[in-house]
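A structural walkthrough
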Amino acid sequence: MPAKQSSNPAGWPQRISTFIKHLPRRTITYIKQVWQANWETNLKVPLTAIAFGLLVGGLFVLSIGKNPLAVYLAILESVFGSPRSFLDVIGQATPLVFTGLSVAFAFRTGMFNIGAEGQYMMGLLAAGIVGIKLHFLPRILLLPACLLAGTLAGGLWGAIPGWLKAKRGVHEVINTIMMNYIALYLTNTLIMSAWLKAPGYQATYEVDPKALIGRFMGTTANWGILIAAAAVAVTYYLLWRTKFGYEIRATGHNPDAAKYAGINVPRRLLSALVISGMLAGLGGAIQTLGVKRRVFQLFGFTGVGLDGVAVALIGRNHPVGVVLAALLYGVLYRSSAMIQLSTGVPRQVIGIMQACIIFFVAADEIIKLIMKHLPQRGKAA
Amino acid sequence: MNLNYVTITTLLFFAVRSAAVLLLAGLGGIFSERAGVVNIALEGMITMGAFMAVAVTIVTHQPWLGVLAAMIAGALLAALHGVLSIRFKANQVISGTAINILAAGLSSFLMKSIFDQGGHLLLEKAPGLSDWSIPFIRDLPWLGEILGQHSPGVYLAFILALVTHLVLFHTPLGLRIRAVGEHPHAADTVGINVYRIRYLGVILSGVLAGFAGSVLSIGIGSAFLENMAAGRGFIALAAVIFGKWTPLGTMAACLLFGVSEAVQVSSNLLGIGQYIPSSLMATFPYVITMLALAGFVGRSVGPAASGQPYDVDQR
């Protein structure tokens, strides 16, 4: 019966098998095309920067008399050691996708949102408060309410420096940094208050089970990656497929020209920082609901928001680039503990590598200079 | 509130001390920005300076060598910032951010690998900088209690503010620094080496920020802590903006921010602690900084070419 339904008897099964037969070759061709189209503009600098960053980190390892190869092996093992470790890399990368998108979005308007850290912390806290205090709601209301609370709290934390930038002309870098410190102490005050603190914990009560996001195999990876994927898609759509996004990018390219073209520049600056903050806040909410399940007292910045700056930079402020860079940082996060355990090298070597990667991305003229000299040496030899 | 002779005197003593650390870093910010390079890496330079001061003092038992090491460490980080943003025309905010990450990572890395310590490094038996007690001033009624005895770095900070004012506005070098920050092309035309002046400005800022770090760790305190700078580098930059990029204006701004930090530190003494938890009071200096900038900055315009790389070939 199934054979008769098909109009061309030899058609579908054969087509499918041909498709499968050619799939590997086609995939390789496709990857080659994407690679070639992006190598000069988007891939060369970040990839070379990553290689140099790892290399310089290796020099530091060498300088304290340890073996850099062991460190590189530990990094590989922390990723591919088991399916669980691979999942954990994805879990570590998930919040970074949000903070990376957050910084990238603001950067498209020409602003540095160093406040993703504070916006992320506000998201952590707000989702926790709603998840604890509105426990009587059914899951279908509670989970969205938690996500919304985190998003709005992050948005508010972006709106304040955004408003100050738009209306008072205060540079956003200092204000977003100040907002980070305010968020840090504010969240700690609330976490340790009698209203939220769980007895015996340096943290709040646990979020109601109805608000939790499911995890994969007990790792940090959770269904939040679907929301992350949606955030990537929405950010891309907003920036490149809407009038609003066009105005955002025009403001970033040249605020004077944008103003002359009739774009309300202050309003775009404000809305960009609000959206930027919302992205980071949503990331924080997912971290609370999917991974932490309580809001813990912070002894300093979480780093997730601060590293968002690097993730955006390495990802060329493009949503897809941000995902790739977040994965790289997920690897570095995960391997930092492993490095110290298995090789005895202080885990801070990862921080040094991260800084070097940013140096090389920021000063891409160094890379161009080296690239220019390398082939010439090859020819001479 | 508990305002009496003792609490106000203590408050002002703390304020002068806190202001001095901000002022040293702020003067660094002035040199750098006046020469045309935005330096948000002050934070990292303070951190690195604070660490090197403790590390060298532990090894040599010579606190002044520690101060020297802090200045050199700050200068080296600044030189890196200079090479990236002057020679390779990197975005100065990004380069500064990377230096802040590097300084945090490097100081912890060295602390772990040299001293096998994590989180903090105590001076222990090594001596910190001993306070200076100033004759005449210490004998003054009331003022003597506030200004009479401080860490040397505190006095040097205020002296350096005057020196910076003289250098910047009354010497040919100061004129060159300002010219390079306002209009590098014009400066180049009259024969000023723009790159050299910018390197000088940036490296001076590193020396001063490193010094600020050493005042924090071996002058006022006796240990290095991770996150010790606690945003002071950024608050110092805010003070520079608030002070309209002048040394004396910055000094006034630093005193204001110093008072806000002192209010936070001594909130229990002042009796604020029973109304507002001290962890919330910790936000006070940052809120004051934001309010100060919001109420003021619209009328404060910085050096015209600050933040822009200079390219000789582009005219």
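Keep in mind it's a predicted model, so treat the numbers as computed, not measured.

**Some remarks on the overall build of chain B**
On a plain count of helices and strands, chain B comes out with 13 helices and four strands. In terms of overall size, chain B behaves like a compact globule, its C-alpha atoms giving a radius of gyration of 20 Å where 315 residues would be expected to give roughly 20 Å. Principal-axis analysis of the C-alpha atoms gives chain B an extent of 60 × 45 × 40 Å. A buried classification covers 56% of the 315 residues belonging to chain B.

**Re the overall build of chain A**
Each helix and strand in chain A was counted, giving 15 helices and zero strands. Since a compact globule built from 381 residues should have a radius of gyration of about 21 Å, the 23 Å found for chain A is in line with a globular shape. When the backbone C-alpha atoms are referred to their principal axes, chain A occupies close to 70 × 65 × 60 Å. Expressed as a percentage of the 381 residues in chain A, the buried residues total 52%. Look at the contacts in chain A between residues 6 or more apart in sequence, and 76% of them connect residues 24 or more apart. Per element, the accessible surface of chain A, about 18,100 Å² overall, is 67% carbon and sulfur.

**Points about the confidence of the model for chain B**
Caution applies to low-pLDDT regions: their predicted coordinates should not be interpreted in detail. For chain B, the mean per-residue pLDDT works out to 86, and 97% of the residues sit at or above 70. The spread of mean pLDDT over the elements of chain B runs between helix 5 (residues 143–147) of chain B, the lowest at 79, and helix 2 (residues 42–60) of chain B, the highest at 93.

**So, the environment of Arg 293 of chain A**
Residues and elements named next belong to chain A. Its location among the elements puts Arg 293 in the loop between helix 11 (265–292) and helix 12 (304–314). A C-alpha to C-alpha distance of 9.2 Å links Arg 293 and Ile 213, two positions 80 residues apart in sequence. Excluding residues that lie within four positions of it along the chain, Arg 293 makes contacts with Tyr 205, Glu 206, Val 207, Leu 212, Ile 213, Arg 215 and Thr 288.

**Quick notes on unusual backbone geometry**
Unlike most non-glycine residues, Arg 293 of chain A shows phi in positive territory, near 65°. Of note, Asn 227 of chain B is a non-glycine position whose phi angle comes to about 65°, a positive value. Judged by its relative accessible area of 56%, Asn 227 of chain B falls in the exposed class.

**Some words on the side chain of Asn 100 of chain B**
Residues and elements named next belong to chain B. Mapped onto the secondary structure, Asn 100 falls in helix 4 (residues 92–115). Judged by relative accessible area, which is 14%, Asn 100 ranks as buried. Filtering out sequence-adjacent residues up to four positions away, Asn 100 remains in contact with Ile 40, Ala 41, Glu 43, Gly 44 and Phe 234.

**Considering helix 11 (residues 247–265) of chain B**
A rise of 1.5 Å per residue sets the reference length of helix 11 of chain B, with its 19 residues, at 27 Å; its end C-alpha atoms lie 26 Å apart and thus fit the reference within 8%. Taken residue by residue, helix 11 of chain B has Pro 247, Thr 250, Ala 253, Cys 254, Phe 257, Gly 258, Ser 260, Glu 261, Ala 262 and Val 263 of chain B as its buried positions.

**Regarding the interface of chain B and chain A**
How big an interface is tends to be expressed through the accessible area that disappears when the partners come together. Contacts between the two partners involve 47 residues from chain B and, on the opposite side, 38 residues from chain A. Linking chain B with chain A are zero salt bridges, by the criterion used here. Summed over the shared surface of chain B and chain A, the number is four residue pairs in polar contact (both at pLDDT 80 or more). Going through the elements one at a time, helix 3 (63–87), helix 4, helix 10 (232–242), helix 12 (278–281) and helix 13 (284–296) of chain B are the ones with two or more residues in the side of chain B that touches chain A. Sort the elements by how many residues they give to the side of chain B that touches chain A and helix 4 of chain B lands first, with 14 residues.

Parameters and conventions
- Residues numbered from 1 in each chain as written.
- Chains lettered and ligands numbered in written order.
- Predicted model: local features only at pLDDT ≥ 70, side-chain atom pairs only at ≥ 80, totals over all residues.
- Heavy atoms only, no water.
- Helix = DSSP H or I, 4+ residues; strand = E, 2+ residues; numbered from the N terminus.
- Rg over C-alpha atoms; globule rule 2.2 N^0.38 Å.
- Buried < 20%, exposed > 50% of the residue type's maximum accessible area, 1.4 Å probe, protein only.
- Contact = heavy atoms within 4.5 Å.
- Areas by Shrake-Rupley, 256 points an atom, 1.4 Å probe, with all protein chains shown as cover.
- pLDDT = per-residue confidence, 0-100.
- Expected span 1.5 Å × (residues − 1).
- Salt bridge = Lys/Arg side-chain N within 4 Å of Asp/Glu carboxyl O.
- Polar contact = N/O pair within 3.5 Å; in protein donor to acceptor, adjacent residues only side chain to side chain.

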